[in-house]
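Coordinates in review
One-letter residues, chain by chain:
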Amino acid sequence: MIDLKQLRENPQAFGDRLRRRGGDFDLERILELDAQQRQLEQQRSRLQARSNEIGALVGRKIKSGVPPTDPEIQALKTEANDLKQQLSDLEPQERQLKEELERLLLTIPNLPSETTPIGRDETENVEVRRWGDEYKPTQPCQPHWDIATQLGLWEVERSVKVAQSRFVTLWGMGAALERALIQFMLDTHRERGYVEVLPPLLVNTASLTATGQLPKFAEESFRCADDDLWLIPTAEVPLTNLYREEILAAEQLPIYHCAYTPCFRREAGSYGKDTRGLIRLHQFNKVELVKFVHPETSAAEHEALVADAEFILQALKLPYRVVELCTGDLGFAAMKCYDLEVWLPAAGCYREISSCSNFGDFQARRAKIRFKGAKQKGTQFVHTLNGSGLAVGRTMAAILENYQQADGTVRVPEVLQPYLKCSHIGRAAS
RNA sequence: GGAGAGGUGGCAGAGUGGUUGAAUGCGCUUGACUCGAAAUCAAGUUUAGGGUAACACCUAACGGGGGUUCGAAUCCCCCCCUCUCCGCCA
């Protein structure tokens, strides 16, 4: 949720910054509704003040022995009834305004950071740095789905039978490799200060609204219609909502969490895109990092978060680059975002494997996650950040392609060997 | 699925129509006493919106919504959630 006060105080600057995302936003209407609503609220609270006064007055008189039939009391009752009548006109009006305002506000994306590069779409994203030597195969390199099939690491057709297209079953060493990756990632993040959690995979509407997936992206999530529950599209949702409607003590910050969860996405509108392999599935595994921090530290925390995600790629010795998203490519709730893109030699290109965003107070405002210093008067919204650390299926894809040997086997990255208890994945290995 | 109990401030826990935003206890903050601490005493200690230069001040909120009343945490109706026991179940 955007900061209405900020918009009210400086509509021009606010609008200019928001429009860097591209597209148009009806801020005028919001300001108008806001002004009307506040005017009504003032009117209403004046009437209510008088009504409260009468209530107290009548109470005092009756207690002191004045009979209820006394004309003075009768006059007060008449006045109060009149006020009630006026209020019953005002209240629905105000409520309606408030609801419309709220509805509109929920559709406005976050303000991009001042430092976010301005651009129209992903072609104008800015490469920040590269790491590792790109593996340029001398002979034709196989795409990971062919490697997986040859080594018996997955089962595609049967998965379609069991579920649908865009679902896969990992098999034998494929399943083991996925599990090893998850455990390696969690162990690593835990050592680096993140508290591991294993959250619910179904969440309610309030939770999805708080992190920004609803109301705008309802068609992207799987819903259990009978229960007001949705399958999580990312662990970001349950993790961020752990602290929904809480006021934290300032000393509790920063809070770091990591979690492994499956993620479920309908991938509506991506028909024909990445139909093969592990890149785009309805269900995939991800290790997620989430931070709750003091606003003053959020920029530095963001850089550190990216470094934590990068650390996994470096440990696995997978070449990657860091790209900063431009304003036109920024996610709905993000104010600033870096993508990590891993090198996929078969396609000869980089593919997103992690997305690390700073949401500022956008999610915190929706989720009402606040903090308070010991001697501080009011409350303040925390800043929330999260990033993949990493998308596990895509990591497996990158390993298969980058680690395939001339003999067709896949070498196991050193850091995973203790988990898998072998150095190569071959045909007979499973 | 069946039966019952309950949802009040950071926590515990009173409160069945009247000046109760809410007793009391715990916790926390500040002050007094003390060389210091403990103990003791005193004061303070919810959130949101509006309003103000800043205070003051006003409004709302006792799970949510509606109703009765001059007045509701307290009475009535609907909904939600939690807990316990039984059944079922990984």
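The preceding data block contains the structure.
Please read these numbers as outputs of a predicted model, since none were measured by experiment. Counting of residues starts from 1 at the beginning of each chain's written sequence and follows it residue by residue. Chain labels run from A onward and ligand labels from 1 onward, assigned in the order the entries are written. It should be noted that, the model being predicted, local features are given only for residues of pLDDT at least 70 and side-chain atom pairs only at 80 or more, the latter also being counted only at that level, while totals for whole chains, interfaces and linings use all residues. Hydrogens are left out, water is left out, and the side-chain values use all remaining heavy atoms of the structure.

Segments assigned H or I by DSSP are reported as helices when at least four residues long, segments assigned E as strands when at least two residues long, and all are numbered from the N terminus. Broken down by element type, chain A carries 13 helices and 18 strands. We take the radius of gyration over the C-alpha atoms and set the globule estimate at 2.2 Å times the residue count to the 0.38 power. In terms of overall size, chain A is more extended than a compact globule, its C-alpha atoms giving a radius of gyration of 28 Å where 430 residues would be expected to give roughly 22 Å. Once the C-alpha set of chain A is aligned to its principal axes, its extents read approximately 105 × 45 × 40 Å. For chain A, the residues scored as buried account for 47% of the 430 residues in total. In what follows, residue pairs with any heavy atoms lying within 4.5 Å of each other are defined as contacts. Taking the intrachain contacts of chain A between residues at least 6 apart in sequence as the baseline, contacts between residues at least 24 apart amount to 74%. Burial classes follow relative accessibility: with a 1.4 Å probe on protein chains only, a residue under 20% of its type's maximum area counts as buried, one over 50% as exposed, and anything between as partly exposed.

This part covers the sheet that holds strand β5 (residues 202–203). For two strands to be treated as a pair, DSSP must find at least two bridges joining them. Reading across from one edge, β5-β7-β6 is the order of the 3 strands in this open sheet, with antiparallel pairing throughout. Two strands in the sheet have a free side with no partner beyond their single neighbour: β5 and β6 (223–224). Direction of pairing for β5 relative to strand β7 (residues 229–231): antiparallel, over a ladder of 2 bridges. The partner of V203 across the bridge, within β7, is W230.

Bringing the protein's contact with RNA strand B into the picture now. A cutoff of 4 Å decides nearness: a residue is near a molecule or strand if any of its heavy atoms lies inside that distance of it. Taken together, 27 residues are adjacent to RNA strand B, and E41, R44, G55, K372 and T379 come closest. Counting only atoms of RNA strand B within 4 Å of the protein, the sugar-phosphate share comes to 74%. Here a polar contact means two N or O atoms within 3.5 Å. Within protein one must be a hydrogen donor candidate and the other an acceptor candidate, and residues neighboring in sequence count only if both atoms are side-chain atoms. Note that a base oxygen of RNA strand B is positioned 3.3 Å from one of the side-chain N or O atoms of R60. Among the elements of the structure, α1 (4–9), α3 (27–63), α4 (71–106) and β14 (369–372) are those that each provide at least two residues to the surface near RNA strand B. Top contributing element to the surface near RNA strand B by residue count: α3, with 15 residues. In this classification, Asp, Glu, Lys and Arg are treated as charged, Ala, Val, Leu, Ile, Met, Phe, Trp, Tyr, Cys and Pro as nonpolar, and every other residue, Gly included, as polar. Along the lines of polarity and charge, the residues of the surface near RNA strand B split into 6 nonpolar, 8 polar and 13 charged.

Another point: the side chain of E155. Summarising the element assignment, E155 is placed in strand β2 (residues 154–155). Given the relative accessible area of 18%, E155 is considered buried. Within polar-contact distance, the side chain of E155 engages the side chain of R158 at 3.3 Å. With residues near it in sequence (within four places) discarded, E155 still touches V168, T169 and W171.

In contact at an axis separation of 8 Å, α3 and α4 are set at 155° when each is read in the N-to-C sense. Taken together, the axes of α3 and α4 are roughly antiparallel relative to one another. As for how α3 packs across α4, the hand of that crossing is left-handed. When its residues are assigned to classes, the contact of α3 with α4 shows 18 nonpolar, 7 polar and 12 charged. Each axis is a line fitted through C-alpha atoms, taken for helices only over the stretch in contact, and angles between the N-to-C directions span 0 to 180 degrees. Roughly parallel covers angles under 35 degrees, roughly antiparallel covers those over 145, roughly perpendicular covers 65 to 115, and oblique covers all other angles. Crossings are assigned a handedness: left-handed for a near helix turned anticlockwise from the far helix by less than a right angle, right-handed for a clockwise turn.

The next subject is the pattern of salt bridges. Whenever a carboxyl oxygen of Asp or Glu lies within 4 Å of a side-chain nitrogen of Lys or Arg, that contact is scored as a salt bridge. Under the counting rule described, the total for this entry stands at 31 salt bridges. Its salt-bridge partner being E94, residue R44 comes within 2.7 Å of it at the nearest N-O pair. Highlighted residues: R44 in helix α3 and E94 in helix α4, separated in sequence by 50 residues. You can call E94 buried: its relative accessible area is 4%. Here K336 ties to E324 by a salt bridge, and the two come within 2.7 Å at their closest N and O atoms. Taken as a pair, K336 in strand β12 (residues 336–344) and E324 in strand β11 (residues 320–324) lie far apart in primary sequence, 12 residues in all. The two residues K336 and E324 agree in class, both being buried. A single salt-bridge network, built from bridges that share partners, covers E127, R130, R321 and E341.

Turning our attention to the packing of aromatic side chains. Working definition: rings of Phe, Tyr and Trp (its six-membered ring) pair if their centres are within 6.5 Å, and the pair is stacked with planes under 30 degrees apart, edge-to-face with planes over 60 apart, and tilted otherwise. Here the structure, examined in full by the defined rule, presents 7 aromatic pairs. When the centroid spacing of 5.6 Å and the interplanar angle of 20° are considered together, the rings of W131 and Y320 count as stacked. Of this pair, W131 sits in strand β1 (residues 126–131) while Y320 sits in strand β11; the two residues are 189 residues apart in sequence, bridging distant segments of the chain. Classification of W131 by relative accessible area gives partly exposed; the value is 30%. Looking at Y320, the relative accessible area reads 0%, which means it is buried. Pairing F332 with F362 gives two aromatic rings, centres 5.7 Å apart and planes at 80°, and the pair type is edge-to-face. Of this pair, F332 sits in the loop between β11 and β12 while F362 sits in helix α11 (residues 362–367); the two residues are 30 residues apart in sequence, bridging distant segments of the chain. Here the two residues F332 and F362 agree in accessibility, since each one is buried.

Another aspect to go through is the sheet that holds strand β8 (residues 246–249). The strand order β8-β14-β15 describes an open sheet built from 3 strands, whose pairing is mixed. Two strands bound the open sheet, and with one partner strand each, they are β8 and β15 (380–381). Two elements, β8 and β14, share 4 bridges in a ladder whose sense is parallel. Note on β14: the bridge partner recorded for E246 is I369.

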